[in-house]
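# Inside the fold
Each chain, written out:
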Amino acid sequence: MTAIGEFLEENGEKVFLVVYFAVMVIVAGPLFVSLGEAWQASDIVRPAILALNPLLGVTLEQFSALMFGLYLGLLILVTLDPKKRVQGILLCLGTVSALVALLSIGLFIPNIDFGANIVWVLGGFVGGGLVGGGPKLLEVRTASALEFRRSATLLFYLISMIVVGGLIEYHVNFPQILQVSAETVRIVPPSPNVSVEWAGVGVNTLMAAVFVVTLRRFVTYDAEENFFVLGPQGSGKSLFLVGKYLAALDDAVGREADTPLNPSSDLMELVGSLDAASKDTGWKLDATGQTDVEDLNFNFVDGRVFPKNIELSSLDYAGEYLERLPNALMSPDDEIDNSTLRLLAQRVRDANTLILIIDVERYHNNEPLEIEPYFDILDVASNKDVLLVATKCDILAEEFRDKQALEAHQYFDEFQDFVSETLIENNQTVRTLVQDTSGSDIYPVYYQTTTDENGERVPMRDRNGNVMTVGFDELLEKMG
C-alpha cells in the first residue's frame, strides 16, 4: 500500500471534513451570487411566485419568510441527527456563506422584514419540523435509531431544485409566459424565441455539480457494502462472525447515540454459546451441520465524523458446500436442486465483497487448506471486492512472540506483515490467491487462547468471563 493510500485510510474522515468545508463555504458563495442574478432576471420562477399575491394574497416577502422557516426547520433536524451533526453544521456554514453572497447583491435579507413576518417564519419552521420527522424527538427510542432521513432527503431536494433551477434560469433566456400586476395574472402567448448565455456556463455547471454531489453524500445513511463469508469446513466461520459482532459491540460503547445492532437470533445463539463456555468446556460451538443454514447478521455504525450504517450479513453453512458452489454460480436457480446451495449462490451473487477464510490451524498442522474452490468462485463471480482473512492466528501469534519478542496485539501492523509473509512464502496456494486478488492484504484475526489439561486450545477470558479477541477491531474498520 502506498504512503498516500495509508494516509487516506487512516485520516479519510479528516480529509473529507476539509473537502466538505471547502465546498460548503467556498463554493456556496460564488454559486449563490449567480443564482441571485438568475432570480433577478428570471423568466419563469420569479413571475410564478409573484403570481401568488394576486391569486392567493401571499406576497413575495411572506413566501420568502415561509420558505426560509421551512428550510431552517429541516436544517435544525439534520443538525440534531447524531449521524448528520457534522454535515448539519457544515450546511449551516454554507447557508451563512450563501446569505452573505445574496446580501452582497442586495437580495433576500435586505428585502424581508422578519419582525413583521415572524408568523410566516415560525409557520414554515413548524411545518419543516413536522414533515421532516420532528415528532421523533418525543418518542422513547428502543429498537430503532434516532435518524431524520426524511428531513435530510427533503433538504437535499429543496436545495438541489434551487441550484439546478437557478442555473438553468441564469443561462437560458425563456420567453415570457406570465404577466403579473398588483391585482391580476395574465398568460402571455408564448414566443418560440429561446436563447442561451454561454459565458461562464462551464464554471457554474462545475460549481453546481460539486455542490449537489457533495450534498448528496450528506444525506446518505447506509453504506453500499454487502459482505459474504466463504470458508472450508471447520475453518472458523462461526467464530469469525461472532468475533466481528463482539468488535462492533465494543465499538458501539461510548457513542452518544447509535443504531441498535439488531443481531439475528442465530447469531445470538452462537454468542450465547460462546459466552456460556468455560475453560473446562472449551468453545462449546459445534460445526454447522450439512443440512443446517444459520442466518447471521447485525448492524453497526462506521465512522465518528461522518457515520454510516453498515449491515453485515452472512450465512453460516456447512463447509462441504464450498466445492459445489462454483457450479451452482454458473447455473440458473431453477436448475439447482439443493435449497441451501441455491441460497448460497444467490447470496454470493448479491454480495459486493467476499471474505475468504484461510485456516491457519490447517497450515500449522500441514493439512490441505482446501481453498482451491476460491479460484473458480472468483472466476465466476467477477467484479467482487475481496478480503482475505486468516483465522486462528493465535498459533502464529506465539511464533511471532518467539521470533521477534513482540506481542501481536500490541504490534498488530507488524504482526499482520508477519502473517502475510509467513503464509505467502510457505504456501503456494495462498501466494497464488494473493496474486489473483491483486496483491490483497491478509488480515489476521484470533481469539486469545491457552491450553487446557488435555492439550486443547481454549479461549482465555478476562475477569468478567468475556473472551478476548485480536484483529477484529482493525478488520471492522477496514470493512467500513
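Given the structure is predicted, the values throughout are model-derived calculations rather than measurements.

### Description of the overall build of the protein chain
- Helix and strand content of the protein chain: 18 helices and 14 strands.
- Expected size for 480 residues packed as a compact globule is a radius of gyration near 23 Å; at 29 Å, the protein chain overshoots this value by more than 25%.
- When its C-alpha atoms are laid out on the principal axes, the protein chain stretches across 95 × 50 × 45 Å.
- Counting only residues that meet the buried cut, the protein chain has 45% of its 480 residues in that class.
- For the protein chain, the share of sequence-separated contacts (at least 6 apart) that also reach a separation of at least 24 residues comes to 72%.
- In the structure as shown, the protein chain presents an accessible area of about 24300 Å², 55% of it carried by carbon and sulfur atoms.
- Once the 33 positive and 66 negative side-chain charges of the protein chain are each reduced to a mean point, those two points are 5 Å apart.

### What to know about the UniProt feature "transmembrane region" (unreviewed entry) in the protein chain
- Mapped onto this numbering, the UniProt entry gives "transmembrane region" (unreviewed entry) at residues 15-35, 55-77, 89-109, 115-133 and 154-172.
- Across residues 154-172, helical content stands at 95% and strand content at 5%; the span's end C-alpha atoms are separated by 26 Å.

### Structural notes on the environment of leucine 155
- Looking at the secondary structure, you find leucine 155 in helix H7 (residues 149-171).
- Linking leucine 155 and leucine 70, residues 85 residues apart in sequence, is a C-alpha distance of 9.5 Å.
- Excluding residues that lie within four positions of it along the chain, leucine 155 makes contacts with Tyr71, Leu74, Leu75, Val78 and Leu91.

### Here's the deal with the packing of aromatic side chains
- Under the counting rule described, the total for this entry stands at 13 aromatic pairs.
- On the basis of an interplanar angle of 75° and a centroid distance of 6.2 Å, the ring pair of phenylalanine 32 and phenylalanine 211 is categorised as edge-to-face. Separated by 179 residues along the polypeptide, phenylalanine 32 in helix H1 (residues 3-40) and phenylalanine 211 in helix H8 (residues 201-218) bring together distant segments of the chain. This pair shows no difference in class: phenylalanine 32 is buried, exactly as phenylalanine 211 is.
- Measuring from centroid to centroid gives 5.3 Å for tyrosine 245 and phenylalanine 298, while their planes differ by 80°, and the two rings are edge-to-face. Residue tyrosine 245 is located in helix H9 (residues 237-252), and its partner phenylalanine 298 is located in strand S6 (residues 293-302); the two are separated by 53 residues in the primary sequence.
- The exposure class assigned to tyrosine 245 is buried, which follows from its relative accessible area of 6%.
- One aromatic cluster in this structure is built from Phe400, Phe412, Phe415, Phe418 and Tyr446.
- The cationic tip of arginine 216 hangs over the ring face of phenylalanine 156; the distance from NZ or CZ to the ring centre is 5.6 Å.

Cut-offs applied
Residues numbered from 1 in each chain as written. Predicted model: local features only at pLDDT ≥ 70, side-chain atom pairs only at ≥ 80, totals over all residues. Heavy atoms only, no water. Helix = DSSP H or I, 4+ residues; strand = E, 2+ residues; numbered from the N terminus. Rg over C-alpha atoms; globule rule 2.2 N^0.38 Å. Buried < 20%, exposed > 50% of the residue type's maximum accessible area, 1.4 Å probe, protein only. Contact = heavy atoms within 4.5 Å. Areas by Shrake-Rupley, 256 points an atom, 1.4 Å probe, with all protein chains shown as cover. Lys, Arg positive; Asp, Glu negative; His and termini not counted. Charge placed at Lys NZ, Arg CZ, Asp CG, Glu CD. UniProt positions renumbered as here; feature names shortened; annotations may be inferred. Phe/Tyr/Trp six-rings, centres within 6.5 Å; stacked < 30°, edge-to-face > 60°. Lys NZ or Arg CZ within 6 Å of the ring centre and 35° of its normal.

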